[in-house]
Structure formats: structure tokens, C-alpha cells
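# What the coordinates show
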Amino acid sequence: MDSRNLDHFDQNCEMSHIVNQSISIDSSYDFKDLTVSNLADCTLKISATLSTLYASDLKNCTIISLPICTSIFVRNSKSCTFCVAGQQFRIHDSEKCDFYILVTSRAIVENCRDLRFAPYELKIEKSTYEKAGLNLRTNFWDKVNDFDWPSKNRPSPNWRVLTANERLEFSFSLYYMHAIQNIKSNVQTPYSSENGKQIRMKFKRDMLDISGYKNAEKNSATSSNDFFG
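Within an unreviewed UniProt entry, the label attached to the protein reads C-CAP/cofactor C-like domain-containing protein, and the organism entered is Romanomermis culicivorax. Under the heading Sequence similarities (unreviewed entry), UniProt records this for the protein: "Belongs to the TBCC family."

### Structural notes on the overall build of the protein
Of regular secondary structure, the protein possesses 3 helices and 15 strands. Taking all 229 residues of the protein together, 48% fall into the buried category. Expressed as a percentage of contacts within the protein between residues at least 6 apart in sequence, the contacts between residues at least 24 apart total 41%.

### Observations regarding the pairing of strand 8 (residues 71-75)
Among the 5 residues that make up strand 8, 5 are buried, leaving the element largely enclosed by the rest of the structure. Burial along strand 8 is two-sided: the face carrying Ser 71, Phe 73 and Arg 75 and the face carrying Ile 72 and Val 74 are both buried. By the bridge criterion, 4 bridges tie strand 6 (residues 52-59) to strand 8 in an arrangement that is parallel. If you follow Tyr 54 over to strand 8, its bridge partner there is Phe 73. Summarising the sheet, strand 8 and strand 10 (residues 88-92) pair through 5 bridges and their orientation is parallel. Paired with Ile 72 across the two strands is Phe 89, which belongs to strand 10.

### Things to note about the packing of aromatic side chains
Following the criterion strictly, the structure yields 7 aromatic pairs and no others. A ring pair is formed by Phe 82 and Phe 99, whose centres lie 5.1 Å apart and whose planes are at 10°; its orientation type is stacked. A residue pair is termed long-range when its members are at least 10 positions apart, and Phe 82 in strand 9 (residues 81-86) and Phe 99 in strand 11 (residues 98-103) qualify at 17 residues. On the numbers, 6.2 Å between centres and 85° between planes, the contact of Tyr 120 with Tyr 129 is edge-to-face. Among the aromatic residues, those joined into a cluster by ring pairs are Phe 82, Phe 89, Phe 99, Phe 117 and Trp 159.

### Thoughts on unusual backbone geometry
Even without being a glycine, Asn 20 presents a positive backbone phi close to 55°. Along the polypeptide, Asn 20 turns up in the loop between strand 2 (14-19) and strand 3 (21-25).

### Comments concerning the sheet that holds strand 6
Sheet architecture is open: 7 strands sit in the order 2-4-6-8-10-12-14, paired in parallel fashion. Sheet topology places strand 2 and strand 14 (144-146) at the edges, where each strand pairs with a single neighbour. On average, adjacent strands in this sheet sit at an angle of 15° to one another, irrespective of strand direction.

### As for the side chain of Thr 49
Within the secondary structure, Thr 49 is located in the loop between strand 5 (43-46) and strand 6. Take Thr 49: its relative accessible area is 1%, and that puts it in the buried class. Beyond its immediate sequence surroundings of up to four residues, Thr 49 is in contact with Tyr 29, Asp 30, Phe 31, Pro 67, Cys 69, Lys 131 and Ala 132.

### As for the side chain of Ser 24
Locating Ser 24 in the fold gives a position in strand 3. According to the relative accessible area criterion, Ser 24 is buried, its value standing at 4%. Here Lys 45 takes part through its side chain, which lies 3.4 Å from a polar atom of the side chain of Ser 24.

Analysis parameters
- Residues numbered from 1 in each chain as written.
- Predicted model: local features only at pLDDT ≥ 70, side-chain atom pairs only at ≥ 80, totals over all residues.
- Heavy atoms only, no water.
- UniProt positions renumbered as here; feature names shortened; annotations may be inferred.
- Helix = DSSP H or I, 4+ residues; strand = E, 2+ residues; numbered from the N terminus.
- Buried < 20%, exposed > 50% of the residue type's maximum accessible area, 1.4 Å probe, protein only.
- Contact = heavy atoms within 4.5 Å.
- Pairing = 2+ DSSP bridges.
- Phe/Tyr/Trp six-rings, centres within 6.5 Å; stacked < 30°, edge-to-face > 60°.
- Axes fitted to C-alpha atoms, helices over the stretch in contact; angles between N-to-C directions.
- Polar contact = N/O pair within 3.5 Å; in protein donor to acceptor, adjacent residues only side chain to side chain.

Spelled out as C-alpha cells, the structure:
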């Protein structure tokens with residue numbers, strides 16, 4: 001795997017169609033939205049405090065990130081590992097992925113299978129969480145709402161908690177990247193800001209679905225805890 005430093009990518013903070021690369025995103029991208037799609041066999045190290053992360057169509061990738069201010073969205077990904085923290089987490093159409101997370105509301109999964117969860121334990125300073133506005137005292141890493149499994153009496157077969165012996169340790173020092181001038185030399189297909197826009201719009205429609213569900217739920221006698229168990 002080649003090592004790369006992401007000096008810049010397209011103006012919409014999107015990267016797509018990259019294979020077998022180690023990529024680093026530095027603090028110059030603080031408080032921006034990042035969209036990554038169609039990556040395979042890549043390691044992405046994010047040392048920026050992102051606003052939102054959109055990840056779609058990833059295969060055999062590892063994403064390690066400093067805490068994110070708002071939301072993380074993952075769609076159509078397989079055999080990936082995510083080490084991320086944020087306020088909201090939604091996972092769609094994905095399988096055989098591991099998630100090391102800190103999330104201040106319940107993560108939501110839909111049309112997924114063979115997902116595994118563990119706590120986010122990246123060795124970073126407390127001020128890094130404060131920069132992202134995250135409360136360390138609130139973490140629902142093992143409280144996952146599966147929209148395909150509403151039973152409160154039986155656990156979902158689509159996800160489970162990683163045992164202590166199965167868990168990995170993550171450190172940015174393990175993913176040191178060498179600088180280059182332009183990541184685009186490794187892009188097999190040209191960047192498409194339209195593609196990134198479509199990905200973000202699809203995620204936003206998903207969030208509207210969640211909002212509609214929550215509003216309907218408020219008007220019923222059933223709480224989310226009762227529904228999901």
C-alpha cells in the first residue's frame with residue numbers, strides 16, 4: 001500500500017475511486033464536510049475535526065478519525081473498519097464491518113448484516129473531544145437501533161459487540177503518511193462533484209426519514225426504547 005498525504009482534493013471536499021492507498025487529511029479541513037466514495041483497500045487517517053463524514057461504496061478500507069462535530073453516514077460498504085466519534089451515526093446497506101465508535105445518540109442500522117461494535121478508544125487529548133463539542137460522559141456505542149429488527153425481546157442478528165479479545169487498538173502513529181503534491185494522480189476515474197452531491201442528498205433523505213419516524217413516534221404511545229428494546 002502506497003502512503004500519501006492529502007495536500008488537496010477537489011473544492012467540494014470529495015474523494016472517489018482510489019485503490020490501495022494510505023491517505024492523510026490534516027487540520028486544514030477542520031469543520032468541513034467530507035465525502036468519500038468508491039475506495040478499495042485504503043487507509044484514511046483524518047486528523048481534522050470534520051463537521052460531517054459521508055462514506056459510500058467502500059471495500060476493505062480502514063477509516064481512523066478524530067472526533068466529528070455532527071454526523072457519520074456509511075452506505076453500501078463491505079469488510080471495512082471505522083474508528084470514529086460523533087453525535088449521530090447511521091449505517092445503510094453494509095456488511096462485515098467493524099465500528100469503534102463514540103456516539104451521543106443511538107446508532108441506527110438498516111439493511112445491514114454482520115456488523116460488530118466496540119468503544120472508540122483512540123489515544124487523544126480531552127481537548128480534541130471538546131473541539132468537536134462531544135460529551136465524553138454520553139456514549140451509546142453498544143446501543144444500536146436496527147430498523148430491520150424491532151423486537152425488544154430478542155437481540156438483532158445483524159450486529160453484535162466485539163469481545164475484548166477481538167478488539168484492535170488504533171493510533172495515528174501507526175499510519176504515518178509521506179507527503180506528495182497531488183492525490184489526483186492516483187484517481188482511476190475523474191472526480192465528480194455531482195456524484196458527491198448525489199451521495200449527500202441520499203443521506204439527507206435518509207435523515208428526513210428518521211425525522212419523520214421520530215415525529216410519528218412522539219405522537220404515539222410507544223417510545224423508541226419500547227420499540228427497539
